[in-house]
Amino acid sequence: MTGFRTRFAPSPTGYLHLGHVASASYARAMAGPEGSFLIRIEDIDPQRCLPRFEQALREDLDWLGFGSALPVRRQSDDLKTYRSELARLHTMGLVYRCACSRAQVQAGTKGRAPDGSAVYGGSCRTARIGADTPHVWRLDMQRALAAIGHAPGWEEWSPHGRRAVSSRAAEFGDVVLGRRDNGVSYHLCVTVDDARQKITLVTRGADLFEASSVHRVLQTLLGYEAPLYAHHGLICDESGQKLSKRDGAESLRALRDKGYDARQIMVLARASLPDAPVIPVGRNVDR
Ligand code: GLU
């Protein structure tokens, strides 16, 4: 096989900023001229993902020249697929219902997971919560790792070669695989989609590096192929904080209003991720 199959998977929770452009451009560059590049909209959070942001996201990506990777897979169109994969894990006896509120989870936490989230204390693990009680679904991490027989790590790409990364899955504890509102979660959906879309190289920001341990567990349990991973650096503001929609990072639209054209924005974004392979701006590698 020549070239990777990569994807850019934004969530429409705000307007795109330079960090997104860098990430999309990195994914497309990593696909290489022989590979393929897909866009996926990760919109499973009904509170935060808004139609106007999705519309803007599609327009902005098209304006930047990513249009040939559209139309896209949209997670909210296919919740049943994720739920049926969760049902498979249920059949294996590896997930359970948890009725704890956010405050209860915080109060009973066993500390911080590698991604900074609270590790669940486990009070519902043997509680037999009924279907009528509002609940999330959690993975029983210890059982899952015992079922696999080891904690699966992954291969990380870098410009200096590939390296093996050891799993930190056990430190995450019982992560949520099904949210209270729609029965699915980021960890579940991203894993299912990367497999369904036959992604061979998962590229994303370094802030999601640790989550890969959880995804490798799910891939192994569900019988999916292991992709290669490449986590790129993050674009930070003057105070060293990652650009984020929530903290009001300057949107692409604001840059456009200031007179930047698409080519200039692509050059700026690429320059901020020096590890990405260089392909001429404007060259179309989509398939
Ligand atoms: N949808 C995630 C985000 O916007 C990225 C998912 C991924 O690349 O794994 O942060």
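What counts and what doesn't
- Residues numbered from 1 in each chain as written.
- Predicted model: local features only at pLDDT ≥ 70, side-chain atom pairs only at ≥ 80, totals over all residues.
- Heavy atoms only, no water.
- Helix = DSSP H or I, 4+ residues; strand = E, 2+ residues; numbered from the N terminus.
- Rg over C-alpha atoms; globule rule 2.2 N^0.38 Å.
- Buried < 20%, exposed > 50% of the residue type's maximum accessible area, 1.4 Å probe, protein only.
- Contact = heavy atoms within 4.5 Å.
- Areas by Shrake-Rupley, 256 points an atom, 1.4 Å probe, with all protein chains shown as cover.
- Pairing = 2+ DSSP bridges.
- Axes fitted to C-alpha atoms, helices over the stretch in contact; angles between N-to-C directions.
- Near = heavy atom within 4 Å.
- Polar contact = N/O pair within 3.5 Å; in protein donor to acceptor, adjacent residues only side chain to side chain.
- Nonpolar A, V, L, I, M, F, W, Y, C, P; charged D, E, K, R; others polar.
- 1 Å grid on protein atoms, 1.4 Å probe; cavity = no way out; pocket = protein on both sides within 12 Å on 5 of 7 lines; lining within 4 Å.
- Points joined across faces, edges and corners; volume = space filled by probe spheres on them.

Engineer: Any chance you could break down the overall build of the chain for me, citing the residues and the numbers?
Structural biologist: In terms of helices and strands, the chain carries 10 helices and 10 strands. At 19 Å, the chain has a C-alpha radius of gyration in line with the 19 Å of a compact globule built from 287 residues. In terms of its C-alpha atoms, the chain occupies a principal-axis envelope of roughly 60 × 40 × 35 Å. The proportion of buried residues among the 287 residues of the chain is 52%. Partitioning the intrachain contacts of the chain with sequence separation of at least 6 by distance along the chain shows that 78% fall at a separation of at least 24. Of the roughly 13,600 Å² of accessible surface on the chain, 50% is carried by carbon and sulfur atoms.

Engineer: Could you give an account of the sheet that holds strand β5 (residues 136–139), with specific residues and numbers?
Structural biologist: The three strands lie next to each other as β4-β5-β8, forming an open sheet whose pairing is antiparallel. Only two strands of the sheet have a single neighbouring strand rather than two, namely β4 (95–98) and β8 (176–178). With direction set aside, neighbouring strand axes in the sheet form an average angle of 45°.

Engineer: Give me the site of the ligand: which residues, what numbers.
Structural biologist: Around the ligand, the structure places Arg 7, Ala 9, Pro 10, Ser 11, Glu 42, Tyr 186, Val 190, Arg 204 and Leu 208. Interatomic distance of 2.7 Å between a backbone N/O atom of Ala 9 and a nitrogen atom of the ligand. Interatomic distance of 3.2 Å between a side-chain N/O atom of Ser 11 and a nitrogen atom of the ligand. For the ligand, whose unbound accessible area comes to 300 Å², protein coverage reaches 78%. Its residues assigned to classes, the shell around the ligand shows five nonpolar, one polar and three charged.

Engineer: Pulling in residues and values, what's your account of the layout of surface pockets?
Structural biologist: Estimated volume of the second largest pocket: approximately 350 Å³. If you go around the second largest pocket, you meet 14 residues; those closest to its centre are Val 95, Tyr 96, Arg 125, Thr 126 and Arg 128. With three residues, the single largest contributor to the lining of the second largest pocket is β4. Looking at the lining of the second largest pocket, its residues break down into six nonpolar, three polar and five charged.

Structural measurements only, silent on function.
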